[in-house]
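Summary of the model geometry
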Amino acid sequence: MRSRKIVTAFVLAMFASACSACSSSASDSDSLVARADGRNHLTIGTRFDQPGLSERKLDGQIVGFDVDVAKFVAAELGVSPGNITWRETTPNTRETDLSSGAVDLVATTYSITDKRKQLVSFAGPYFVTGQDLLVRQTSADITGPESMNGRKLCSQPGTTSAQQVRDRFAMAVQLVEYPRFPDCVTALLAGQVDAVTTDAAILAGYVTQNPELLRVVGKPFSTERYGIGLRKGDVEGHTAVTNAIEKMIDNKTWAASLNANIGPSGYPLPQPPEVNERP
C-alpha cells in the first residue's frame with residue numbers, strides 16, 4: 001500500500017510539473033513576438049478619423065504618423081505592411097480589444113496613464129503632445145481653457161479632455177459629446193459648439209482640412225505621452241516594440257514621418273521623446 005502511495009504521489013508531481021511547463025509555454029507563445037513570427041500577420045488597432053495621424057482614405061488606405069510608427073514596429077517584428085489587418089479601435093474599446101485578442105497592439109494617440117497601465121502594457125512614448133482647443137478663426141476671444149465659461153465645448157465619449165477643462169479651468173463650461181471627433185468639428189463649423197478639445201496633434205490635423213476656418217489656440221494645458229498598447233504582462237513584446245521605436249527615432253524615419261504627416265498643419269514639431277516606459 002505504501003509503495004502504491006509513493007508511486008501515485010510521484011505521478012501527480014510529474015503531472016503538476018508538466019502542467020506548469022505547459023502553462024509557461026502557452027504564456028510564451030502568446031507574446032506579440034511569437035504571434036508575429038508564427039502567423040506572419042498582425043492585427044493593429046488604430047483610428048480611421050484622425051488626419052495626419054491615422055486616417056482611412058477613400059481608396060481604403062490607412063495613412064498617418066501613428067500608422068507609420070505601427071508599420072515600422074511590425075516590420076521589425078518581421079511582418080510586412082501587406083500582412084497587417086487594420087482594425088478601428090476607439091477610446092471606449094482599446095483595453096478590451098487588447099485583452100480579448102481582437103488586436104495584437106494599439107497605435108492610436110494612446111496616452112500612457114497609470115490607470116490604463118493597470119489593464120495594458122505600454123511601450124514608448126513615441127510622441128509627446130498636450131491638450132488644446134480647436135476654435136473658429138473668428139473666435140478671437142477664446143484664448144485658452146479659462147475662456148470657456150458659459151460656452152459649449154465638444155469632445156468624444158471615453159475621453160477625459162472636456163471634463164478636465166471643467167475641473168481645472170472653467171466650471172461653467174457646457175460639455176457636449178459626439179461619437180467621433182469629426183462630428184465635433186462639423187458642429188464647430190456649424191456654430192453649434194464653441195470649441196473642440198483633445199490633443200493638439202489631433203486638432204492640428206483638422207486645421208489642415210479647413211485652414212481658413214479653424215485654428216488651434218496654441219496653449220496646451222496637459223502633457224500627453226503616446227505609447228504602443230500591448231497585452232498586460234507581455235515583457236518580450238514590450239522589449240521588441242521599445243527597440244523598434246528607438247530604432248525608428250535613431251535612423252531619422254521618425255522625423256521624416258512627422259514632417260510629412262504633421263508638418264503641413266503648422267503644428268510645432270517636438271523633439272523625439274525619451275523612450276522610457278518599462279514592463
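Residues numbered from 1 in each chain as written. Predicted model: local features only at pLDDT ≥ 70, side-chain atom pairs only at ≥ 80, totals over all residues. Heavy atoms only, no water.

Structural notes on the nonpolar core
In terms of nonpolar packing, the biggest core is built from 53 residues, with Phe65, Phe127, Leu134, Ile228 and Ile245 touching the most fellow members. Those residues in contact with Ile245 that lie beyond four places of it in its chain are Val73, Ala123, Gly124, Pro125, Tyr126, Ile228 and Val275. (Core = buried A, V, L, I, M, F, W, Y, C linked by side-chain atoms within 4.5 Å. Buried < 20%, exposed > 50% of the residue type's maximum accessible area, 1.4 Å probe, protein only. Contact = heavy atoms within 4.5 Å.)

Observations concerning the sheet that holds strand β12 (residues 214-216)
Adjacent strands of a sheet form backbone hydrogen bonds with each other and so pair up, either parallel or antiparallel. Pairing is mixed across the open sheet formed by 5 strands, whose spatial order is β10-β9-β11-β8-β12. Because the sheet does not close on itself, it has two edges, and the strands there are β10 (174-177) and β12. Averaged over all pairs of adjacent strands, the angle between strand axes in this sheet comes to 30 degrees, irrespective of strand direction. With 4 bridges joining them, strand β8 (residues 131-136) and strand β11 (residues 195-199) adopt antiparallel strand pairing. Note that in β11 the partner of Asp132 across the bridge is Thr198. Against the sheet, helix α7 (residues 181-189) engages β8, β9 (152-155), β11 and β12, with an angle of about 150 degrees to β11. (Pairing = 2+ DSSP bridges. Helix = DSSP H or I, 4+ residues; strand = E, 2+ residues; numbered from the N terminus. Axes fitted to C-alpha atoms, helices over the stretch in contact; angles between N-to-C directions.)

Here we look at helix α2 (residues 32-39)
Every buried residue belonging to α2 is among Leu32, Arg35 and Ala36, and all of these are buried. Down the axis, α2 shows its buried residues gathered within 95 degrees of arc, on one side only. Every exposed residue of α2 that faces more than 90 degrees away from the buried side is listed here: Asp37 and Gly38. Following α2 by one or two positions, Asn40 adopts a phi angle in the positive range, close to 50 degrees. (Arc of directions from axis to C-beta.)

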